[in-house]
Amino acid sequence: FFAVPARLLDIEEPHGLSENLLGSVRAEVAAIQSHAAESRSALFDLTEDFTQYKPRARHSALPELHGYFQAMRYLGRMTFRARSPVETRQALLLLDLFRANEDLRAAWQSMDATLGQFFGAHDDPTWLDYVAAGRKSVGGDSLDCLEIASNAKLFAAFVRAITALPPPRVNTSHVDRTGTQWKSEHAGLRVFGQRYSRTAHLFQECIDRARVSPSGLHVASELLGSNRARKLLREQDG
């Protein structure tokens, strides 16, 4: 997983990966760099919209920023989904890395704080939320991620804890239908998850309800907090 953004940033391929895994990494990188179509991810069991990796705005003007844009996009979009036992165990391995490496934790927190200053609060759970859920599931302050991953009873309790976390409010995953199924289907851990904004949430509500665009009532209700507008919307929806 981390070899993909590393290659996008022109960091050499890690040692110790099998040829099969290296082939999957190279295929994922090629799909990202071509950003031409929706297709199956080479590493995750899902369809990804690789057109999302085309550099845009200030990143498109400077070729040296293309890899950075794509790497951060990958770390912000690819999800270790809570509904997948395999991906949840992979998330536990990620938590184990953070738990064991103080420098890694400090680097993540520094970058995350900077992103928060520019783009606002998290919309996805962070590894800190997962750690709290893990501690809750084992009933103590210690957290042995590898034991949780291998112990069926502890793992089941961990899954219950992370699925109880607040779901994302804005969909940034590839879903080809309306409705709110994506909230449970794509909830999970991201390294640098997406950020929340009220305007994006407003448009998401319209998409989920198969509306073309928000009306003045939606703006008054969701952005301005009008109770009267909420009442009228409920009456419209029956």
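Data block above holds the structure.
Only a predicted model underlies this, so the values are computations on that prediction, with no experimental measurement involved.

Calculation rules
Residues numbered from 1 in each chain as written. Predicted model: local features only at pLDDT ≥ 70, side-chain atom pairs only at ≥ 80, totals over all residues. Heavy atoms only, no water. Helix = DSSP H or I, 4+ residues; strand = E, 2+ residues; numbered from the N terminus. Rg over C-alpha atoms; globule rule 2.2 N^0.38 Å. Buried < 20%, exposed > 50% of the residue type's maximum accessible area, 1.4 Å probe, protein only. 1 Å grid on protein atoms, 1.4 Å probe; cavity = no way out; pocket = protein on both sides within 12 Å on 5 of 7 lines; lining within 4 Å. Points joined across faces, edges and corners; volume = space filled by probe spheres on them. Expected span 1.5 Å × (residues − 1). Contact = heavy atoms within 4.5 Å. Nonpolar A, V, L, I, M, F, W, Y, C, P; charged D, E, K, R; others polar. Core = buried A, V, L, I, M, F, W, Y, C linked by side-chain atoms within 4.5 Å. Polar contact = N/O pair within 3.5 Å; in protein donor to acceptor, adjacent residues only side chain to side chain. Phe/Tyr/Trp six-rings, centres within 6.5 Å; stacked < 30°, edge-to-face > 60°. Lys NZ or Arg CZ within 6 Å of the ring centre and 35° of its normal.

1. Remarks on the overall build of the protein chain
Looking only at helices and strands, one finds 13 helices and four strands in the protein chain. Relative to the 2.2 N^0.38 estimate, which gives 18 Å for 238 residues, the radius of gyration of the protein chain is 20 Å and therefore close to what a compact globule would have. Taken along its principal axes, the extent of the C-alpha atoms in the protein chain is 60 × 50 × 30 Å. Across the 238 residues in the protein chain, those meeting the buried criterion constitute 39%.

2. Quick look at empty space enclosed by the protein
Per the counting criterion, the structure on display carries two cavities of 30 Å³ or more. Its volume calculated, the largest cavity comes out at about 80 Å³.

3. Brief notes about helix H4 (residues 66-77)
Residue pairs spaced three or four apart in an α-helix point in one direction, given the helix's 3.6 residues per turn. Its 12 residues give H4 an end-to-end C-alpha distance of 16 Å, which sits within 8% of 16 Å, the value for a rise of 1.5 Å per residue. Counting buried positions over the 12 residues of H4 gives nine, a clear majority of the element. For H4, the set of buried residues is Gly 67, Phe 69, Gln 70, Ala 71, Met 72, Tyr 74, Leu 75, Gly 76 and Arg 77. Buried residues along H4 sit in contact with helix H1 (3-8), helix H2 (19-34), strand E2 (47-49), helix H3 (58-61) and helix H6 (102-119).

4. Structural notes on the layout of surface pockets
When its volume is computed, the largest pocket comes out at roughly 790 Å³. If you trace the largest pocket, you find 26 residues lining it, with Met 72, Arg 73, Leu 115, Phe 119 and Gln 194 closest to the centre. At the level of elements, H3, H4 and H6 are the ones that each hand at least two residues to the lining of the largest pocket. If you tally residues by element for the lining of the largest pocket, the top one is H4, at six residues. By residue class, the composition of the lining of the largest pocket is 13 nonpolar, eight polar and five charged.

5. Examining unusual backbone geometry
Phi is positive for Asp 10, close to 65 degrees, though the residue is something other than glycine. Among the secondary structure elements, Asp 10 is positioned in the loop between H1 and H2.

6. A closer look at the nonpolar core
With 41 residues, the main nonpolar core has Leu 92, Leu 95, Tyr 130 and Leu 189 as its most contacted residues. Taken together, the elements giving at least two residues each to this core come down to H1, H2, H4, helix H5 (85-100), H6, helix H7 (127-138), helix H8 (145-150) and helix H9 (152-163). The contacts of Leu 189, once residues within four sequence positions are left out, are Met 78, Thr 79, Phe 80, Ala 91, Leu 94, Leu 95, Pro 125, Thr 126, Trp 127 and Tyr 130.

7. Focus on the side chain of Arg 81
Relative to the helices and strands, Arg 81 resides in strand E3 (residues 80-81). Residue classification places Arg 81 among the buried residues on the basis of a relative accessible area of 4%. One polar contact links the side chain of Arg 81 to the main-chain carbonyl oxygen of Asp 45, over a distance of 3.1 Å. Separated by 2.6 Å, the side chains of Arg 81 and Glu 87 make a polar contact. When near neighbours in sequence (up to four residues on either side) are disregarded, Arg 81 contacts Asp 45, Leu 46, Glu 87, Thr 88, Glu 185, His 186, Ala 187 and Gly 188.

8. Here's the deal with the packing of aromatic side chains
Two aromatic rings, taken as a pair, are described by how far apart their centres are and by the angle between their planes. In total, this model carries 13 aromatic pairs according to the counting rule given. Among the aromatic residues, those joined into a cluster by ring pairs are Phe 1, Phe 2, Phe 44, Phe 50, Tyr 53, Tyr 74 and Phe 80. It is Arg 89 that lies over the ring of Phe 155; its NZ or CZ is 3.8 Å from the centre.

None of the figures reported here should be taken as evidence of function without further support.
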